[in-house]
Amino acid sequence: MIPFACTALALPAFLDKIDHASSTVLVVEDEPFVCELAAEALMDEGYRVLTAADAWEAEEILARESVDLLFTDIDLARNTNGLALAQHARCQCPGLPVVYTSGGRTCLPASEQVSESVFVPKPYRPSQLVALTNDLLRRADPHHA
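Residues numbered from 1 in each chain as written. Predicted model: local features only at pLDDT ≥ 70, side-chain atom pairs only at ≥ 80, totals over all residues. Heavy atoms only, no water.

1. Regarding the overall build of the protein chain
Convention followed: Working definition: helices are DSSP H or I runs of at least four residues, strands are E runs of at least two. Numbering for both runs from the N terminus. Working definition: with a 1.4 Å probe on protein chains only, accessible area under 20% of the residue-type maximum means buried, over 50% means exposed, and in between means partly exposed. Any two residues whose heavy atoms approach within 4.5 Å at even a single point are treated as in contact. Method for areas: the Shrake-Rupley scheme with a 1.4 Å probe, in which residue coverage is limited to the protein chains shown.
Looking only at helices and strands, the protein chain features five helices and five strands. Counting across all 145 residues of the protein chain, residues that qualify as buried make up 42%. Sequence-distant contacts, at least 24 apart, represent 60% of the contacts inside the protein chain between residues at least 6 apart. Accessible surface computed for the protein chain: about 8200 Å², of which carbon and sulfur atoms make up 59%.

Structure below.
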């Protein structure tokens, strides 16, 4: 009886993965290993993932691609930053969910971030990023609840 109960509980997670196939996440991270780790975790969950190493590259992607969630480091290469990137992204897409991360901060004051965004300090677990992404996109699109 217990194995059957566990199997039944695992089924909704499988169905959630199917729903993610149409969602695109933009990961903006200038540390290649960290970027790859985040991107792989999200791809394993079924998301389409685009990556950028700095805000300029991310803005080019945002101009030509439809993105459902922005996951960005705050301090990026070429003296760009995720705070300005998120502001720019929200001007183009007002409801875009945003997740910030940083290894140099433990928190992010509300006055520095776009509304209804989330901050996750480094180091974070890939599973934490996936769970947060699932939750934010589920809230943004109630049809996938």
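2. Let's talk about the environment of Val120
Structurally, Val120 is set in strand E5 (residues 118–121). The sequence separation of Val120 and Cys107 amounts to 13 residues, and the corresponding C-alpha distance is 7.8 Å. Residues in contact with Val120, not counting those within four places in the same chain, are Val99, Tyr100, Thr101, Ser102, Gln128 and Leu132.

3. Some remarks on the nonpolar core
Quick note on the threshold: By nonpolar core is meant a set of buried Ala, Val, Leu, Ile, Met, Phe, Trp, Tyr and Cys residues that side-chain atoms within 4.5 Å join together.
Formed by 22 residues in total, the largest nonpolar core has its most connected members in Leu26, Val28, Leu70, Leu85 and Tyr100. When contributions to this core are tallied by element, the ones reaching two or more residues are strand E1 (24–28), strand E2 (48–52), helix H3 (55–64), helix H4 (82–92) and strand E4 (98–102). In this structure, Val28 is in contact with Ala52, Asp54, Ala58, Leu70, Phe71, Thr72, Asp73, Leu76 and Leu85, ignoring residues within four places of it in sequence. Counting residues in hydrophobic clusters, the runner-up holds 20 residues, among them Val34, Ala41, Val49 and Leu69.

4. Considerations on the UniProt feature "modified residue: 4-aspartylphosphate" (unreviewed entry) in the protein chain
Let me state the cut-off plainly: UniProt positions are given in the numbering used here, feature names are shortened, and annotations may be inferred rather than shown by experiment.
UniProt marks Asp73 with the feature "modified residue: 4-aspartylphosphate" (unreviewed entry), using the numbering shown here. In this fold, Asp73 is placed in strand E3 (residues 69–73). The contacts of Asp73, once residues within four sequence positions are left out, are Val28, Glu29, Asp30, Gly82, Thr101, Ser102 and Lys122.

5. Focus: the packing of helix H2 (residues 32–44) against helix H5 (residues 126–140)
In plain terms, the rule: Note on geometry: axes are C-alpha line fits, over the in-contact stretch for helices, and angles between N-to-C directions span 0 to 180 degrees. The cut-offs work like this: below 35 degrees is roughly parallel, past 145 is roughly antiparallel, 65 to 115 is roughly perpendicular, and the gaps in between are oblique. Each crossing gets its handedness from the near helix: less than a right angle anticlockwise from the far helix is left-handed, clockwise is right-handed.
Relative to each other, H2 and H5 sit at 50°, their axes nearing to 9 Å. Relative to H5, H2 is oriented oblique. Crossing geometry of H2 relative to H5 is assigned as right-handed. Across from Leu37, Ala38, Ala41 and Leu42 in H2, the residues of H5 making contact are Pro126, Leu129, Val130 and Thr133.

6. Structural notes on the packing of H3 against H4
Where H3 meets H4, the closest approach of the two axes is 10 Å, and the angle between their N-to-C directions is 10°. On the basis of the axis angle, H3 is roughly parallel to H4. In this structure, H3 contributes Ala55, Ala58, Glu59, Leu62 and Ala63 to the contact, and H4 contributes Leu85, His88, Ala89 and Gln92.

7. A word on the sheet that holds E3
This is how it is decided: At least two bridges found by DSSP between two strands is the condition for calling them paired.
An order of E2-E1-E3-E4-E5 is seen for the five strands of this open sheet, with the pairing classed as parallel. With one partner strand each, in any of the chains shown, E2 and E5 form the two edges of the open sheet. Along the sheet, successive strands turn relative to each other by an average axial angle of 20°, direction set aside. Across four bridges, E3 lies against E4 in parallel orientation. When the bridges of E4 are listed, Phe71 appears paired with Val99.

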